[in-house]
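# Commentary on secondary and tertiary structure
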Amino acid sequence: MSAFSGTVGLALKIAFLSIVNALGIWAAVVLIDHHKWRAVAVLAAATAGLDAIYLVKRWTLPLKFLIPGTIFLLAFHVVPVAYTVNVAFTNYSTGHILSKSEAIAGIKVNSLTEVENGKAYTIAPARDKGGHFLLVLRDDSGATFIGTKDGLRPIPRSDVTVSDGAITAARGYRVLKGTELGSLDKELSTFTVPLGGDKAIQPQGFDTAVVLAPTLRYDPKADGFVRLKDGVLFKDNNRGSFVAANGEELEPGWKTYVGTRNFSRIAHSSLIRDPFLKVFVWTLVFASLVVFISFALGLLLAITLNKPGLSFQRTYRALLVIPFAVPAFLSLLVWQGLLNDDFGVVNRLFHTSIPWLFDPNWARVSVILVSVWLVTLPLLLVAVAPLMIASFAFNFNNFGNIYLLTGGGPALGNSPVAGATDILISYTYKIAFAAGKGQDYGLASALAIIIFFVVATISAVSFTRTKALENLA
Amino acid sequence: MKVGRRLAILLAVVLAASLTLIGGRATPAAHASAKAAKLTIWVDNVQKPAVDKIASAWGTRRGVDVNVTFHAFGSIRDDLKTVKTENAPDVIVAAHDWTGDLAANGLVAPLFPTKAIKKQFPAYALNAFSYGGKLYGAPYALENVGLVVNTRLVKVPTTFAQFEKEALAFKHKSADNIALAVPQGSGGDAYHMYPFFSGLGGFVFGSGKNGALNPNKIGVANKTFLKNAPLIDKWNREGLINSKVDYGTGKNAWLKQKAAFWITGPWETDALKASGIPFRIIQLPKIKFRSVPFLGVQGMMVTKFAAAHGVASLAKDLVANEMMKPSFQLDLEQANLRYPANIVAGKRVSDPVLKQFGKAGIGGVPMPNIPQMGSVWAELGGAWVKATKGPGATPARVAFATAARNIAAKIAGG
Amino acid sequence: MSTSERVAEVTVPAVAERRQPKRRRFAQNWWRHAVALIALVFALFPVAYVLSAAFNGDNSLSGSSLIPRHVTFDNFRTLFVGQKNTTGHATFQNAHYASWFANSMIVAGATALLTVLLGALAAYAFSRFRFRGRRLGMLTLLLIHMFPQLLAVLAIYLIVLNVGDIFHFIGLNTLSALVLVYLGGAMGVNTWLMKGFFDTIPSELDESARVDGATPAQVFWGVVLPLAAPVLAVIALISFVATLNEFVIASVVLETQHKFTLPVGLWQYIDQKYSEHWGPFAAGVLIAAVPAALLFAFLQRYIVQGLTQGAVKG
């Protein structure tokens, strides 16, 4: 205690606050440089808040101890949760990750198509005497042209020198070569030689050009694309896509808010609704059994090993900890190999032929067995109510174990997606990331929110049943 | 007052400290008016040396700074979706089955190589990188599985009946012999099983107009295939195929000569050479149809960011021109032990193992590159697992018809 | 989020050892040894396969035989010297294992220390002060970690990406950013565990110190922390090991070879389906397990000393 006498304590506190404030001011200056005004405001408020908490005497006392951890909790836990909640109300998914203007630009680029029987040209970027940028072109027949923003103009073949298939010189023009090309991109990549109608010659790199024409045109007034060949209009459907009357959709779409659509999809999709109860019950069974068995085993081991004077006691403990030091995903992969029913070591050792991973019920046993292994043996557990509940919640959402060991399988005959060992979170993953059109973050987020409410409710109820909260009185 | 004194000290210290910090702060990087253009390429470990070599030579010629950055192969596709324009790559290496996803997301730009260049590539390699009728990638390597035959133990079969006879005869020699080491395991492996699937008339997606795949035409349980499916039940009964063989088991069995046949790909080249076992690699003999494997094609793509960075022409020049040339393709072949996509380069391949894998892939089908393929893998693999798990297996017709129904439900409802 | 994933452990103390004749002790305790041995087999069985793969030349995991036919150190050499494929090209340009190891130690060490500190501060507040929102605060701490992490990784990536644009030293591909992210999980189950232990430290001790004129901060640093050494050791160990093995977030935040932590770096050996290099991977995992084992051996004294009080009361 003498180490923290009044003066030293005060000095430390002042040093700490000084560092915080100095960092705050410095960060504010950097943020101002970047014109991040909202961030500056948040930073200023946070710094002022911190100063207030640590300088005011009495009533902030608990906060002085709680604030440091809370800052990190907010930044890296609460913000991601808020982000997920936000995503749940969007259509963020494959085909919907750009902004609308980016999507429009993307559709325009994608709509450029090689004209049927269109020519390909060998080209060379060049400048005329006035320094104007243009292209020297040569088609497959050997005819040569000058291409400018105004169009294509034939020039005598003899004006153009070709060697090894490439245009190296053109009389009256300076052909650009070598390192000059590197700084030419801005001029070249937007340069097109119009051919009448929608067609235009567009350079592809520095040596070749093709004739391209758009198949769609954006109409800003109608806020939609018109298909040129048949006049079909693709209109903004307010869900992030341009869609024609017959349901045909242009790609890419864009990310936008879609209200509660993801939630109503969950309610209406038979893919999700039908197996939900079955998956939910199994999730409960899985999480409860893993927690119960591992705590029971942990307790048994603790009691067994806690005999005073037991020889090898330390050795046992030290050895039992080793699996804890091996990354869980590796252990899971090893287990998967060990449990193979024809070739796995477990069956060979016991001369059994149990279909550990192939039969729905045995697969459930395996998943529990391996999860218990992962939870119990690392260290010897003693039952603590909050820990049990946390462990329950963790296993409730234990995506890694299920995914790496059985992938949710084996399949159940009557459900398209849900497997025998699928828990809610692995099922969510399958629905949102391995079905439909690839990744659907919006749907996954909506499901995550629902799962959270389920597990939080169960946990809160079990809390009230334990003495954990009474100790908090 | 005490508090007043504390505040005074604090203020003084804060002022001093922040002045020091601000003084030492690096001035914000002046937005470089980038004289020399800079082109960023994301590549994985394996290809990096070859890409480094070709890109830096090209960059010197064009007057461009080329920045070849290592990026783990598995994360390139997803990182491209979140990366900021400032840090985004202009060119990436890609697997062909990302094409639909990336194009539907508007993240990659279409390419228009000349006919002369296109002629140097098999049509399926270019199709593999096409989506909605447009080409989005320059293929550089092909990979596929083949039937690896231990020639010390069995004769190289020329017909499927011969293969079946040899495999079963070998299996019956010893209790722990495996007829065919083709990996499945509890999760299934539709990729390695594809030669059997195609040989019985199965396909994943039919194609619509302009050759684009149609996710609503599912061929997993098409009539022809279902008619031939009882053969699967026969293979299951006689033990030709057993879904309990997983990758490690199959590999070990072949290497320990407990299996004479192994279905695997060029990623095992090192293991094959090191085994000391005399072997030949062939395409699985024709069942009812040619038993072609799935093809994986690797290639380079130009991202949408190249235009924003003002290097679109440069990126297209590098990808659709330079990198499609035989010389680059051969460099990559050396680096990653895959058969080059360029036909001219393919003829120059000298490695005997690669050559044989290349031949085993002839006529192969590129894995569908539309995003809906995500709904297929587990189901198709699962149907094989159920139909070939030995006693108690589901009849193949039922297993595959169920899979087809599930795939349709997933594609519609996801 | 790192430490809460591995459920905490608490051992019951070995109080005083009573001297008994060895034979009689064994006769009494044979069933204890039997239980312990069964547990050991169950626990170490899969680990044995990792060990076997590390010394085996054929790059397979859970292969057919537990005892490798050709014992080799090639896998370890690969980690530090590199490896070549048949055409003579290095499959990894350099062997980076040493820097992965160093990075992991830095990140896990810093995270463990700061986690203990932040968690203990909060636990002290919850244990010693009575304030509005205390119950709710503790409950929230537990519940908030129950939110499925499926998309959190994406959010964390975006946070680090945006912050790093302005403050490069805590941006993507920095170890400091990784530590900061891990500290988001510093308050959680740990806090409950520590609070439970703090509750068992008689508050008379605080009060007498307060009477002597000590401030709450001085009580915390001078009285409570030293007495709480066992629980601090447990939390430090759990946090250290969990951080050491954390893969998902690290793989998203770190981008280059010389910044990778052990799991991210080693993952590269097995990330290509069908061409996994299990040998070097297993060898790398084995070496990586050494610091954790040493730390446990070192802390075991504290851990075994006396956690029962805190644990049982909860």
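Fair warning: this is a prediction, and the values are worked out from it, not measured in the lab.

### Points about the overall build of chain A
Secondary structure assignment for chain A yields 15 helices and 15 strands. Scaling as 2.2 N^0.38, a compact globule of 473 residues should have a C-alpha radius of gyration of about 23 Å, whereas chain A reaches 34 Å, well beyond that. Judged by the C-alpha coordinates and their principal axes, chain A covers about 105 × 75 × 50 Å. Burial statistics for chain A: of 473 residues in total, 52% are counted as buried. In chain A, of all internal contacts separated by at least 6 residues, the share reaching a separation of at least 24 is 57%. Across chain A, the mean location of the 40 positive side-chain charges is 11 Å away from that of the 30 negative side-chain charges.

### Considering the sheet that holds strand β7 (residues 146-150) of chain B
Residues and elements named next belong to chain B. A sheet is described by the order of its strands in space; here three strands give the open sequence β10-β7-β11, paired in antiparallel fashion. On the outer flanks of this sheet lie β10 (261-264) and β11 (279-282), each paired with one strand and no other. Averaged over all neighbouring strand pairs, the angle between strand axes comes to 25°, with direction disregarded. Lying over the sheet, helix α17 (residues 352-360) contacts β7, β10 and β11, oriented at roughly 30° with respect to β11.

### Examining the domain arrangement of chain B
Residue and element names in this part refer to chain B. According to the domain assignment, chain B contains domain 1 (37-143 + 296-360) and domain 2 (146-295 + 366-412). Between domain 1 and domain 2, the residue contacts involve 24 residues of the former and 27 residues of the latter. Taken over both partners, the interface formed by domain 1 and domain 2 buries close to 2,000 Å², and the fraction arising from carbon and sulfur atoms is 65%. Of all residues in domain 1, the largest losses of buried area upon contact with domain 2 belong to Gln-356, Phe-357 and Ala-360, amounting jointly to 31% of the total for that side. The tally of links from domain 1 across to domain 2 stands at one salt bridge. A salt bridge links Asp-351 to Lys-273; its shortest N-O distance comes to 2.7 Å. Those elements that provide at least two residues to the side of domain 1 that touches domain 2 are α4 (99-104), α6 (123-128), β4 (130-131), β12 (294-302) and α17. Ranked by residues supplied to the side of domain 1 that touches domain 2, first place goes to α17 with five residues. Each residue belonging to the side of domain 1 that touches domain 2 can be placed in one class, and the counts come to 10 nonpolar, nine polar and five charged.

### Here we look at the side chain of Gln184(B)
Residue and element names in this part refer to chain B. Residue placement: Gln-184 occurs in the loop between α7 (160-173) and α8 (190-199). For Gln-184, the side chain forms a polar contact with the main-chain nitrogen of Val-385, separated by 3.5 Å. Those residues in contact with Gln-184, other than ones at most four positions away along the chain, are Asp-189, Met-193, Ile-241, Asn-242, Ser-243, Val-245, Asp-246, Gly-381, Trp-384, Val-385 and Thr-388.

### Side note on the packing of helix α2 (residues 48-62) of chain B against helix α15 (residues 326-336) of chain B
All names here are of chain B. At a minimum axis distance of 8 Å, the contact between α2 and α15 shows a crossing angle of 155°. When the axes of α2 and α15 are compared, the pair comes out roughly antiparallel. With respect to the hand of their crossing, α2 and α15 are arranged in right-handed fashion. From α2, Ala-50, Val-51, Lys-53 and Ile-54 reach across to α15, where they touch Phe-328, Asp-331, Leu-332 and Ala-335. By residue class, the composition of the contact of α2 with α15 is six nonpolar, no polar and two charged.

### So, the interface of chain C and chain A
With 106 residues of chain C in contact, the opposing surface of chain A contributes 107 residues. Between chain C and chain A, roughly 9,800 Å² of surface is buried when both sides are summed, and carbon and sulfur atoms account for 79% of that area. Across the contact surface, chain C and chain A share zero salt bridges. Our count for the chain C to chain A interface comes out at four residue pairs in polar contact (both at pLDDT 80 or more). A total of 19 residues in the side of chain C that touches chain A trace back to one element, the largest contributor, which is helix α1 (residues 22-54) of chain C. For the side of chain C that touches chain A, the per-class residue count stands at 79 nonpolar, 13 polar and 14 charged.

### Brief notes about a nonpolar patch on the surface
Residues and elements named next belong to chain A. A cluster of nonpolar side chains, namely Leu-277, Val-281, Val-285 and Leu-289, defines an oily patch on the protein surface of about 320 Å² accessible area. Here Val-285 shows up in helix α7 (residues 270-305). Exposure remark for Val-285: the relative accessible area of 34% places this residue in the partly exposed category.

### Remarks on the pairing of strand β13 (residues 224-227) of chain A
Residues and elements named next belong to chain A. Relative to β13, strand β12 (residues 216-219) runs antiparallel, the two being bridged by four bridges. Considered in β13, the bridge of Leu-216 is made with Arg-227. What sits between β12 and β13 in their antiparallel hairpin is a turn of four residues, with Asp-223 showing a positive phi close to 50°. As paired elements, β13 and strand β14 (residues 233-236) share three bridges and run antiparallel to each other. Looking at the pairing, Gly-224 lines up with Lys-235 of β14.

### Regarding unusual backbone geometry
With omega at -5°, the peptide bond leading from Glu251(A) into Pro252(A) counts as cis. With respect to the helices and strands, Pro252(A) occurs in the loop between β15 (242-243) and α6 (261-268). Unusually for a residue other than glycine, Asn173(C) sits at a positive phi of about 65°. Within the fold, Asn173(C) resides in the loop between α5 (152-166) and α6 (175-183). The exposure class assigned to Asn173(C) is buried, which follows from its relative accessible area of 14%.

### Concerning the nonpolar core
Counting residues in hydrophobic clusters, the biggest one holds 312 residues, and the most contacted among them are Leu39(B), Val51(B), Phe196(B), Trp235(B), Phe400(B) and Phe198(C). In contact with Trp235(B), other than residues within four places in its own chain, are Phe160(B), Glu164(B), Phe196(B), Leu200(B), Leu240(B), Ile241(B), Ile287(B) and Trp384(B). Among the nonpolar cores identified, the runner-up in size contains 14 residues, and Phe324(A), Ala112(C), Ala233(C) and Leu237(C) belong to it.

### With respect to the confidence of the model for chain B
Parts of the model with low pLDDT should not have their predicted coordinates read in detail. Residue and element names in this part refer to chain B. Per-residue pLDDT for chain B averages 88, and the proportion of residues at 70 or more is 92%. Note that pLDDT drops below 50 for residues 26-34; the model gives that stretch one contact with residues more than four away or on any other chain. Scoring the predicted complex yields pTM 0.83 and, for the interface, ipTM 0.81.

### Observations regarding the environment of Gly57(C)
All names here are of chain C. One can find Gly-57 in the loop between α1 and α2 (74-81). Along the primary structure Gly-57 and Asp-74 are separated by 17 residues, whereas in three dimensions their C-alpha atoms are 7.2 Å apart. Discounting residues that sit within four places of it in the chain, Gly-57 has contacts with His-70 and Thr-72.

### So, the side chain of His71(B)
Residue and element names in this part refer to chain B. Positionally, His-71 belongs in the loop between β2 (65-70) and α3 (73-82). Among the residues examined, His-71 registers a relative accessible area of 8% and is labelled buried. Leaving out residues up to four positions away in the same chain, His-71 has contacts with Trp-42, Val-43, Asp-44, Ile-76 and Asp-79.

### A word on the packing of aromatic side chains
Each aromatic ring pair is summarised here by two numbers: the centre-to-centre distance and the angle between the ring planes. By the definition in use, this model includes 59 aromatic pairs over all chains. A ring pair is formed by Phe65(A) and Phe129(C), whose centres lie 5.6 Å apart and whose planes are at 50°; its orientation type is tilted. With Phe65(A) in helix α3 (residues 61-87) and Phe129(C) in the loop between α3 (97-128) and α4 (134-144), the pair connects residues from two separate chains. According to the relative accessible area criterion, Phe65(A) is buried, its value standing at 7%. Given a relative accessible area of 10%, Phe129(C) falls into the buried group. When the centroid spacing of 6.3 Å and the interplanar angle of 20° are considered together, the rings of Phe197(B) and Phe400(B) count as stacked. Taken together, the residues span a long stretch of sequence, with Phe197(B) in helix α8 and Phe400(B) in helix α19 (residues 396-413) at a distance of 203 residues.

### Some points on the domain arrangement of chain A
Residues and elements named next belong to chain A. Taken domain by domain, chain A holds domain 1 (2-88), domain 2 (112-214) and domain 3 (264-472). Across the contact, four residues belong to domain 1 and six residues belong to domain 3. In this assembly, domain 1 packs against domain 3 so that about 340 Å² is buried in total across both faces, 82% of it on carbon and sulfur atoms. At the junction of domain 1 with domain 3, the criterion picks out zero salt bridges. Tallied by class, residues from the side of domain 1 that touches domain 3 come to three nonpolar, one polar and no charged.

### A short note on the pairing of strand β6 (residues 160-163) of chain A
Residue and element names in this part refer to chain A. Pairing of β6 with strand β7 (residues 166-170), which is carried by four bridges, proceeds in the antiparallel orientation. Across the sheet, residue Thr-161 finds its bridge partner in β7, namely Ala-169. Connecting β6 to the next strand, β7, in antiparallel fashion are two residues, including Asp-164 with a positive phi near 60°.

Reading the values: the criteria
Residues numbered from 1 in each chain as written. Chains lettered and ligands numbered in written order. Predicted model: local features only at pLDDT ≥ 70, side-chain atom pairs only at ≥ 80, totals over all residues. Heavy atoms only, no water. Helix = DSSP H or I, 4+ residues; strand = E, 2+ residues; numbered from the N terminus. Rg over C-alpha atoms; globule rule 2.2 N^0.38 Å. Buried < 20%, exposed > 50% of the residue type's maximum accessible area, 1.4 Å probe, protein only. Contact = heavy atoms within 4.5 Å. Lys, Arg positive; Asp, Glu negative; His and termini not counted. Charge placed at Lys NZ, Arg CZ, Asp CG, Glu CD. Pairing = 2+ DSSP bridges. Axes fitted to C-alpha atoms, helices over the stretch in contact; angles between N-to-C directions. Domains from an automatic or database assignment. Buried area = accessible area lost by both parts, 1.4 Å probe. Salt bridge = Lys/Arg side-chain N within 4 Å of Asp/Glu carboxyl O. Nonpolar A, V, L, I, M, F, W, Y, C, P; charged D, E, K, R; others polar. Polar contact = N/O pair within 3.5 Å; in protein donor to acceptor, adjacent residues only side chain to side chain. Parallel < 35°, antiparallel > 145°, perpendicular 65-115°, else oblique. Left-handed = near helix turned anticlockwise from the far one by under 90°. Patch = residues over 30% accessible without salt bridge, like charges linked within 9 Å, V, L, I, M, F, W, Y side chains within 5 Å. Areas by Shrake-Rupley, 256 points an atom, 1.4 Å probe, with all protein chains shown as cover. Core = buried A, V, L, I, M, F, W, Y, C linked by side-chain atoms within 4.5 Å. pLDDT = per-residue confidence, 0-100. Phe/Tyr/Trp six-rings, centres within 6.5 Å; stacked < 30°, edge-to-face > 60°.

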